[in-house]
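One letter stands for each residue in the lines below.
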There are 2 protein chains.
Amino acid sequence: MGVMERVSTRKKAVADSGVRLPLDRILMDDCVAAMASLPDKSIDMIFADPPYNLQLGGDLLRPDGSQVDAVDDDWDKFDSFAAYDKFTKAWLKEARRILKDNGTIWVIGSYHNIFRVGAAIQDEGYWILNDIVWRKSNPMPNFKGTRFTNAHETLIWASKSEKARYTFNYRAMKTLNDELQMRSDWLFPICGGQERLKRGGVKVHPTQKPEALLYRIMLACTKPGDVVLDPFFGTGTTGAVARRLKRHWIGIEREANYIEAAQERIEAALPLDESAVVTMQSPKAQPKVPFGALIETGMLKPGALLMDSKRRWRATVRADGSLEAEGATGSIHKLGATLQGAPSCNGWTFWHFEDADGLKPIDALRQNYILATEP
Amino acid sequence: MGVMERVSTRKKAVADSGVRLPLDRILMDDCVAAMASLPDKSIDMIFADPPYNLQLGGDLLRPDGSQVDAVDDDWDKFDSFAAYDKFTKAWLKEARRILKDNGTIWVIGSYHNIFRVGAAIQDEGYWILNDIVWRKSNPMPNFKGTRFTNAHETLIWASKSEKARYTFNYRAMKTLNDELQMRSDWLFPICGGQERLKRGGVKVHPTQKPEALLYRIMLACTKPGDVVLDPFFGTGTTGAVARRLKRHWIGIEREANYIEAAQERIEAALPLDESAVVTMQSPKAQPKVPFGALIETGMLKPGALLMDSKRRWRATVRADGSLEAEGATGSIHKLGATLQGAPSCNGWTFWHFEDADGLKPIDALRQNYILATEP
DNA sequence: CAGCCTTCTGAATCAACGT
DNA sequence: TACGTTGATTCAGAAGGCT
């Protein structure tokens, strides 16, 4: 893994043409050019940490190659915003091409750039799912006392289109947050201490992201074996976390010294044991049990009486797995909905049976059935 | 105060031409037209809560079958992003004209619109000073379990230009925040209870903002006697808070029933003693640490072994913060209870990890985490 | 009256699958 | 692709009723 290579071909790859993805490698190139070498619809998730600031860094050049000067008048301001927008649009467009139809993209930024990025994401046809706030527990103070302490950064999570069926590991997130739904505001310290890559006491990269951030993102929105692309790889936080969580990764980075640091770091990041990577699954992932199976196996007898938790309605179980109540019949779901006058109803949790201990939902029988039949 | 009036003249007022500002009044008109009647450079601060352009789909039902009362008002409907951008640009342009050179503007929004608004703010020549996150202590959950709970809204604070000498009451903010610099993430409950305006038990406005939010904004960025304009006045939160804090206000609103409610409300809002203001602030959030946070930040690794104090049970930590032992899985609390056959269990004190000094409860890690992340 | 329980609600881009 | 079926899914706080 991790062989550094220069992307020589600019030729656009054909969709699913059998082009092998450069898995678990860093591509040393401009991000748009490197993405252009990847096939259509081949990436499960993209995490992007694009340059934030219009004035700093040599990232933004005018079309003629000259450096954008310090911004102090309206004309220059417009000029640099336009250049930034053009750059943003270019990489977002290419990113959308290589993303699978059900893939998602994450972008992180600050108020200097995130509004332009967010608008471009919408303009390119992505569908925003959430904006997430990374609250920094230890932000840099505002030394001059002229503004509020800038204590957060913003992430945007978007799917490729409105109707996409993206991955969201709801149960894993809820478990991670002590059985409460994971919210859109996340608290993490900034990257420091042992985690912060340094060379000769000097930090290698000015904006190294904490692994905790990527950990939560990948746990939430990818599955083991998925391919995660980071077009602004830097020192490879995305790669290190991906390896630990047994996801594949592809990094794109121009600067050799960042690449070198990333290589070392990722090689040192040991994958977790198989059992540790397992996360809580939603019931959806469990085998589906038809209600009739409970009758066939004798867990419920035809003629048995079911009722809702408050004993407002009673229904009789019939041999074919349908219920009958007040002259109406139907499946456990449909009859429950009909009786309540509701558009829908989960019959598994609505209907109860009575035993010595009192009322229990028939969902308990389903769990027993699963346990008994699980290979 | 508070005489409702229709703005009859569309004639653009001349800068500082002696035109009297309609102080402490609601102008019943379209926001751009009403602003056009105000003189150049006459307003100290603008607070704007424009339509969010939510683009909601069909009905949304809670797990209990009840229906969510969604924002479906005509004023929130736009044909396209382009139409929304045009609207945004128009009111931002007019707002900038009437703002004093050292005035500032606040705009609130959600991910549906805030990126477009922020980009437009930059394009119009404003200079962004901060983006502020309003963290909701009691947001609406994500009922279908499809995304992260949308638990915040975003505000943008901007001056008219980069060199402007705007008002920022640094000391007041620091005092308000227990002698720590006020950060960019603010915690407030959503507007409810007595504060929420209702008529016949029905909320008057679907998106009434909490007064606490406006308190902090006006305390931070205006002086007594300043003129605060709200071009999307709604039920007048801005007016009510301005009156309490002895600032002048101007509201712009098209809908008569909102105006009527706002009038009554503002008349009932008595100016406060200076000393009373501080007590209106919400208490600091109690640090609550989900077990998963220890894993994300690397204090505990997936695969790590935990045991009770007498080493009777052993469990393995998984990536999402669940534990696994003897074929059973669950949260630290739930698994502890299951293994002991107890109705409940405090996992923080039950489970231990081993280091060179012997067994220590994982609660020790929680204390370390709090020390490391306390803002 | 305190304490407990039930009900209601809030700026929400809120399902998946088989026929 | 349209439609019907299955069945998954909620947190904090206010308000009101009951013991």
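Worth saying up front: this structure is predicted, and the values here are computed from it rather than measured.

Conventions we followed
- Residues numbered from 1 in each chain as written.
- Chains lettered and ligands numbered in written order.
- Predicted model: local features only at pLDDT ≥ 70, side-chain atom pairs only at ≥ 80, totals over all residues.
- Heavy atoms only, no water.
- Helix = DSSP H or I, 4+ residues; strand = E, 2+ residues; numbered from the N terminus.
- Contact = heavy atoms within 4.5 Å.
- Areas by Shrake-Rupley, 256 points an atom, 1.4 Å probe, with all protein chains shown as cover.
- Buried < 20%, exposed > 50% of the residue type's maximum accessible area, 1.4 Å probe, protein only.
- Near = heavy atom within 4 Å.
- Polar contact = N/O pair within 3.5 Å; in protein donor to acceptor, adjacent residues only side chain to side chain.
- Nonpolar A, V, L, I, M, F, W, Y, C, P; charged D, E, K, R; others polar.
- Core = buried A, V, L, I, M, F, W, Y, C linked by side-chain atoms within 4.5 Å.
- Pairing = 2+ DSSP bridges.
- Buried area = accessible area lost by both parts, 1.4 Å probe.
- Salt bridge = Lys/Arg side-chain N within 4 Å of Asp/Glu carboxyl O.
- Axes fitted to C-alpha atoms, helices over the stretch in contact; angles between N-to-C directions.
- Parallel < 35°, antiparallel > 145°, perpendicular 65-115°, else oblique.
- Left-handed = near helix turned anticlockwise from the far one by under 90°.

The next thing to look at is the overall build of chain A. Assigned secondary structure in chain A consists of 12 helices and 17 strands. Long-range contacts, defined as pairs at least 24 residues apart, comprise 65% of the intrachain contacts of chain A with a sequence gap of at least 6. Counting every atom, chain A has about 17,300 Å² of accessible surface; 52% of that belongs to carbon and sulfur.

A few words on the environment of Trp91 of chain B. Residue and element names in this part refer to chain B. Position of Trp91 among the secondary structure elements: in helix α2 (residues 81-98). The class of Trp91 is buried, set by a relative accessible area of 0%. Sequence separation of Trp91 and Ala33 is 58 residues, and the distance between their C-alpha atoms is 9.1 Å. Setting aside anything within four residues of it in sequence, one finds Trp91 in contact with Cys31, Val32, Met35, Ala48, Pro50, Ile105, Val107 and Phe232.

On to the protein's contact with DNA strand C. Near DNA strand C, the surroundings consist of 38 residues, among which Gln55, Arg62, Tyr111, Lys144 and Lys203 of chain B are the closest. Within the backbone of Ile128 of chain A, one N or O atom sits 2.9 Å away from a base nitrogen of DNA strand C. Thr146 of chain B is positioned such that a nitrogen or oxygen atom in its side chain is 3.0 Å from a sugar or linking oxygen of DNA strand C. Of the residues belonging to the surface near DNA strand C, the class tally is 18 nonpolar, eight polar and 12 charged.

Another aspect to go through is the nonpolar core. In this structure, Trp106 of chain A together with Phe148, Phe291 and Trp351 of chain B are the most contacted members of the largest nonpolar core, which totals 70 residues. When residues in this core are grouped by element, the largest group, nine residues, is from helix α5 (residues 211-221) of chain A. Discounting chain neighbours no more than four positions away, the residues touching Phe148 of chain B are Trp106, Asn130, Ile132, Trp157, Phe168, Met173, Met182, Arg183, Ser184, Trp186 and Ala220 of chain A together with Asn142 of chain B. Counting residues in each nonpolar core, the second largest holds 62 residues, with Tyr111, Phe115, Ala120 and Phe232 of chain B among its members.

Here we come to the pairing of strand β4 (residues 99-109) of chain A. Residues and elements named next belong to chain A. Burial runs high along β4: eight of the 11 residues are buried. Note: strand β3 (residues 43-48) against β4, five bridges, orientation parallel. The residue bridging Ile46 from the neighbouring strand is Ile105, located in β4. Alignment of β4 against strand β6 (residues 152-159), held across six bridges, turns out to be antiparallel. Its bridge partner lying in β6, Ile105 is registered against Ala158.

All names here are of chain A. Of all residues adjacent to DNA strand D, which total 23 residues, the nearest are Tyr170, Lys174, His333, Ser344 and Arg366. Sugar plus phosphate: this is where 61% of the atoms of DNA strand D within 4 Å of the protein reside. Trp348 places a polar side-chain atom, nitrogen or oxygen, 3.3 Å from a phosphate oxygen of DNA strand D. Counting only elements with at least two residues in the surface near DNA strand D, the list comes to α4 (170-176) and α10 (332-340). Residues that form the surface near DNA strand D fall into these classes: nine nonpolar, 10 polar and four charged.

We now examine the interface of chain A and chain B. Chain A puts 72 residues into the contact, and the matching count from chain B is 75 residues. Between chain A and chain B, the buried area comes to about 6,400 Å², and carbon and sulfur atoms account for 54% of it. A per-residue breakdown of the area chain A buries against chain B is headed by Phe115, Arg147 and Phe148 of chain A, which together make up 14% of the total. Seen at the junction of chain A and chain B, the total is five salt bridges. The shortest N-O distance in the salt bridge between Arg116 of chain A and Asp123 of chain B comes to 2.6 Å. Counting every contact that joins chain A to chain B gives 37 residue pairs in polar contact (both at pLDDT 80 or more). Secondary-structure elements contributing two or more residues to the side of chain A that touches chain B are α2 (74-98), α3 (114-123), β5 (127-136), β6, α4, β7 (185-188), α5 and α8 (274-277) of chain A. Ranked by the residues each element gives to the side of chain A that touches chain B, the list is headed by β5 of chain A, at nine residues. Classifying every residue of the side of chain A that touches chain B by side-chain character gives 41 nonpolar, 19 polar and 12 charged.

Remark: α3 of chain A packs on helix α3 (residues 114-123) of chain B, axes separated minimally by 7 Å, with the N-to-C direction vectors making an angle of 125°. Accordingly, the angle class assigned to the pair α3 of chain A and α3 of chain B is oblique. When the axes of α3 of chain A and α3 of chain B are compared, the crossing they make is left-handed. In contact with Ile114, Phe115, Arg116, Gly118, Ala119, Gln122 and Asp123 of chain A of α3 of chain A, α3 of chain B contributes Ile114, Phe115, Arg116, Gly118, Ala119, Gln122 and Asp123 of chain B. Partitioned by chemical class, the residues of the contact of α3 of chain A with α3 of chain B number six nonpolar, four polar and four charged.

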